[in-house]
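What follows is each chain in one-letter form.
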Amino acid sequence: MLPAACRCLAEADFPIAEVSKHSAREKSIRHGHPSTVHLWWARRPLAACRAVLMGLLLPDPCDPRCPEGFKQEARRLLGRVRGVGEGDEALRRALLGFIADFSNWENSANPVFLETARGLVRAAYPDGPPLVVDPFAGGGSIPLEALRVGCEAFASDLNPVACLILKVLLEGIPRYGRARLRVPTPDGGVEEVEGLAEAVRRVGGLVKARAEEELAEFYPPDPDGARPIAYLWARTVRCEAPKCGAEIPLARSFWLSKKAGRRRALRYRVVRPAGRPPEVVFEIFEPKSEAEVPKGTVSRGNATCPACGTVLRVERVRAQLSAQRGGADVVFDQQGRRVSGARLLAVVTVRPGEQGRHYRLPTERDYEAVWKAQRRLDRLLERWRNSPSEGLCPVPDEPLPPEGTLGFRVQKYGMRTWGDLFTARQKLALATLARGVRELDPHPDPLPEGEGGRVPEAVRLAMALVVNRCADYLSSLCSWHLPGEKVNHTYGRQALPIVWDFCEVFPLSDSTGNYDGALEWVAEVIEAWPGSPSGQAQVADATEHPLPDDAATVWFTDPPYYDAVPYADLSDFFFVWLKRTLPGHPLLRDPFDPENGLTPKTAEIVQNEAVRLNGQVKDRAFFEEGMARAFREGRRVLQDDGIGAVVFAHKTTEGWEALLSGLIRAGWTVTASWPITTEMGSRLRARESAALSASVHLVIRPRPDDAPVGDWGGILRELPRRVGEWMDRLQGEGIRGADLVFACIGPALEIFSRYSRVETAEGREVTLAEYLEKIWEVVGRAALQQVLGSGDGGAGALEEDARLTALFLWTLQSTNRLEAEEEEAGDEEEEAELEEEDEEAPARRAGGFSLVFDVVRRFAQPLGIRLPEWEGRVIETKKGVVRLLSIRERAKVLFGREGADLVAQRIERAPRGPVQLELLLGGGASVPEVRVQGGRRGRVRSRRLPDGSQEYAASRGATTLDRVHTAMVLQAAGRANALRALLRAELDRGPEFLRLANALAALYPKGSEEKRLVEAMLLAVPR
Ligand SMILES: C[S@@+](CC[C@H](N)C(=O)[O-])C[C@H]1O[C@@H](n2cnc3c(N)ncnc32)[C@H](O)[C@@H]1O
Ligand SMILES: [Zn+2]
């Protein structure tokens, strides 16, 4: 135990930039990384968890209370991996340097690093390993790192799928990773093998052999020996135009492969048999250019008939697909001839001894195999229906979450059960694999660890993960990944959108998304673990924690993100298969509600007002209350001199407030905070509205019961200084924009949460909400000071619209990120999203830059910026998103539509020349003054003076921003003379113009049209 009140390292300093770099990089690590054992959404990078954990566990050598013994031992240990200078400061630096290096994935299993880390922890806790507790453990990043550095770990989560992952990672692998295990042999005997990974491979082989036998006829090889590895399907609807009625295969694109040297696509012709609807007939060809490939038939949910060109509106597409329960299955007649439903577009094959993929058109044999699979499944279901003792339906018949559940769009297309997400053949394959695992062991209930049954529990749990991995790659929501010529998995995002044209893999093939792959991923994770004592995992509600009082040394957790991830609903996709793979397993019984056939929902902490559960709505109050209770439990479970940490990655200010208020109400105080960037590249959301790429790690301690009452005046005096210092430090570490704003909340809370309550001089209690408003104001002021050299509306300050624009762009800046090796699925994901009628799409198409309204509001209000005043002139607010108008739109505001069109033409280098622009911008000698489209306030006018020169007179009310934008527009229009004239006039007028223009040049996003224009315009400024 560290001496009470000795500061820990993470309360003194933290290597933000290095750990951020390793955290972001870690996302591209694949083989052997624990996250690949099974999908869990929004996992924390291990690098960040490891580094923060070390910072929490180790004392700060500069604290006078730091034990000498620790310092000596630390010097000795660190001396083996790096130089350590004289004195406590140098030791602190060496410890931080070690933490930074150790956060690198490459070093995480390096024996020297491991021994050093574990040695340091032992030196800090000579009486025995500290216990690290994580009550929202999810995919297990935090407790896993606790085990790695030699702690004990107790991990719990409400969700049984998470708990299964935790069981495997924290218990199974540490305990049996290197053990000798008894496994069945193909001939019915038993043999001993070395290590869990080998056991899983052996048992996995048995399950596969059996599945091969049962499934072979449903995936026949081609007569020429080629092996289908994937079937590319399209859902279909019928054209409703009179006299047409053609079947429309819904496809986003007709490309099959864009690989150099193997470009393949589909094209079609329409045949019109007499008396029957037209038919679309495909062929595969080798396109020379994009233009040769026909456009997709579906866009934003609307389908276009290839035969007559009529558009079938999204509502009708939905209605037709609903009648087919989503339409993933083929409908056959009695004789097995395809009548309607899903249509095969192409079959991807490999040939023995040949590299690469081949593409062919579907044949009768392909459909016949599907028909057989359907009939087999029917028989299976028939048998189950007729024998009530059989237990669960062999395929998932559990209902999907109600319509409106965050991220779930498939219900609109008629999918009602989890089984509807799969084709009949997919269901059959997965049910066969699940049964294979289930029947490995004749005992339905797990036996005491290591005893009896033919297959050890740890192996069966690992096998259940394998089946789930297969399910992720074997649903009708898997699309074809063009660049990789492989299948995308179901959960490319934290959502289930419809996929029109989907890819069905042959799970027993040798290609991606197959069973062997799933098995290997799991085995590799097992092998990569460097070995440790085992931890403990358990299903539990964080608001009623199972541990006794004062049990934990460290309470470190990453709680749910307000409204961002509907974990329980998402995880049911896997849960329904787990029930069939591990029937009766105690982990899968809802301990809170024995009737519930799905994952526990009632106690899940999440904000989702669309859904009402047992009469209760999961509104903000629910979330906040849940957080407060979980934090209170944390306080109870933690020793008085223990330490805690909470990860915050909320994307909404409400989420932050709810979480923070829970934390403070529960009696914690914030002692330090560190933002760690964990995202690479510009993810979809980031481009939309400045989503956060940093998550803030708050270091917290139990607040003493006798904490004093804080004085509001004093706090307000302290705040700007702390925020100012912190902004400097963070900017030095590459943290920018919204990340920076949220990261400033940490140190601000250090001030506020020291007190039992905060009061004004009059004795009124100050709420957290009020304080947060102040924080935004202070940060906003500091930001303006930085970019415009003036924070408030004082003398020389720029007008409201300039401040709004500058602050907007400042917030939009993104933290320096690694240039991404973008997640491979990136483009595809985006495409998928755009395909659907997407509410936010119009904003994105309109250009400009977006931020969520709440963020803009919080800045604007205290800084005297009246948003409604600038609506339609500088910003546009729609559906909670504020868009800063693009320069083209600003041109329209300033010069009317005509002006904007001309500018747009010039920007786009359209052939039509600048003729009319002359007129518009005062080039014609006969036009003494041009007033464009009514003299609306804020427009810029120009006139030609008698001496032939031009004068640009901003009409009354034209602001500095208007004038800077005018100059940018002139620049865009190629009006060099006019621009020079304007610039001369501006230089005479005063410094504001250049001040703002320079600020904007620094703030406009890299690569934007605006940045290019303002920079080019500034080059024209006379020196
Ligand atoms: C942000 S995730 C944790 C992710 C984890 N740190 C990782 O790296 O994988 C939050 C977790 O809280 C869980 N959760 C939600 N409500 C809960 C509750 N009342 N009790 C316990 N866990 C809960 C969710 O199932 C989810 O796994
Ligand atoms: Zn038609």
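Refer to the structure printed above.
The sections below set out a description of the structure shown in this document. In this text, all values refer to a predicted model and were calculated from it rather than measured experimentally.

**Looking at the pattern of salt bridges**
The final tally for this structure, using the stated rule, is 79 salt bridges. Notably, a salt bridge pairs D572 with K601, separated by 2.7 Å at the nearest N-O pair. Of this pair, D572 sits in helix 14 (residues 567-581) while K601 sits in the loop between helix 14 and strand 23 (608-613), and the two are 29 residues apart along the sequence. Here D572 falls in the buried class, since its relative accessible area comes to 2%. In this structure, E1015 and K1011 form a salt bridge, with 3.5 Å as the shortest nitrogen-oxygen distance. With E1015 and K1011 both in helix 31 (residues 1009-1019), this residue pair falls four residues apart, about one helical turn. Classification of E1015 as partly exposed rests on a relative accessible area of 37%.

**A few points about the pairing of strand 4 (residues 190-194)**
Regular strands show a simple pattern: their side chains alternate between the two faces of the sheet. Judged from the five bridges that link them, strand 3 (residues 180-184) and strand 4 form a sheet pairing that is antiparallel. When the bridges of strand 4 are listed, L181 appears paired with V193. Remark: five residues form the turn of the hairpin made by strand 3 and strand 4, two consecutive strands paired antiparallel; G188 in that turn has positive phi of roughly 95 degrees.

**Some details on the site of ligand 1**
In the neighbourhood of ligand 1, 24 residues make up the surrounding shell, with R44, G139, S141, D157 and D558 lying closest. One nitrogen or oxygen atom from the side chain of W40 is found 3.1 Å from an oxygen atom belonging to ligand 1. In the model, an oxygen atom of ligand 1 is placed 2.8 Å from a nitrogen or oxygen of the G139 main chain. Starting from 600 Å² of accessible surface for ligand 1 in isolation, the protein chains cover 100%.

**Observations concerning the sheet that holds strand 11 (residues 298-299)**
Here we have three strands laid out as an open sheet, ordered 11-12-13, and antiparallel in their pairing. Of all strands in the sheet, those bounded by a partner on one side alone are strand 11 and strand 13 (311-312). Bridge count between strand 11 and strand 12 (residues 302-304): two bridges; the pairing is antiparallel. Bridging from a neighbouring strand, V298 pairs with A303 of strand 12.

**Quick look at the packing of aromatic side chains**
Evaluated as defined, the whole model comprises 37 aromatic pairs. Residues W40 and W41 carry aromatic rings whose centres are separated by 5.0 Å and whose planes lie at 55 degrees to one another, so their mutual orientation is tilted. Residue classification places W40 among the buried positions, given a relative accessible area of 6%. Taking relative accessible area as the criterion, W41 reaches 2% and is therefore assigned buried. One residue, R267, lies across the ring of F285, its end atom 4.0 Å from the ring centre. For the cation-ring pair, R425 lies above Y231, with the distance from its terminal atom to the ring centre recorded as 4.3 Å.

**Considering the coordination of the zinc ion (ligand 2)**
Taken together, the protein ligands of the zinc ion (ligand 2) are C239 (SG), C244 (SG), C305 (SG) and C308 (SG), with distances of 2.2 to 2.3 Å. Around the zinc ion (ligand 2), the four donor atoms are arranged such that angles at the metal cover 104 to 112 degrees; this shape is classified as tetrahedral.

**Looking at the side chain of D739**
Relative to the helices and strands, D739 is located in helix 19 (residues 737-752). The buried category is assigned to D739, whose relative accessible area is 5%. A distance of 3.0 Å separates a polar side-chain atom of D739 from the backbone nitrogen of A694.

Rules of the game
- Residues numbered from 1 in each chain as written.
- Chains lettered and ligands numbered in written order.
- Predicted model: local features only at pLDDT ≥ 70, side-chain atom pairs only at ≥ 80, totals over all residues.
- Heavy atoms only, no water.
- Salt bridge = Lys/Arg side-chain N within 4 Å of Asp/Glu carboxyl O.
- Helix = DSSP H or I, 4+ residues; strand = E, 2+ residues; numbered from the N terminus.
- Buried < 20%, exposed > 50% of the residue type's maximum accessible area, 1.4 Å probe, protein only.
- Pairing = 2+ DSSP bridges.
- Near = heavy atom within 4 Å.
- Polar contact = N/O pair within 3.5 Å; in protein donor to acceptor, adjacent residues only side chain to side chain.
- Areas by Shrake-Rupley, 256 points an atom, 1.4 Å probe, with all protein chains shown as cover.
- Phe/Tyr/Trp six-rings, centres within 6.5 Å; stacked < 30°, edge-to-face > 60°.
- Lys NZ or Arg CZ within 6 Å of the ring centre and 35° of its normal.
- Donors = N, O, S within 2.8 Å, 3.2 Å for Na, K, Ca; no water.
- Tetrahedral: all angles 85-135°; square planar, octahedral: opposite > 155°, others 65-115°.

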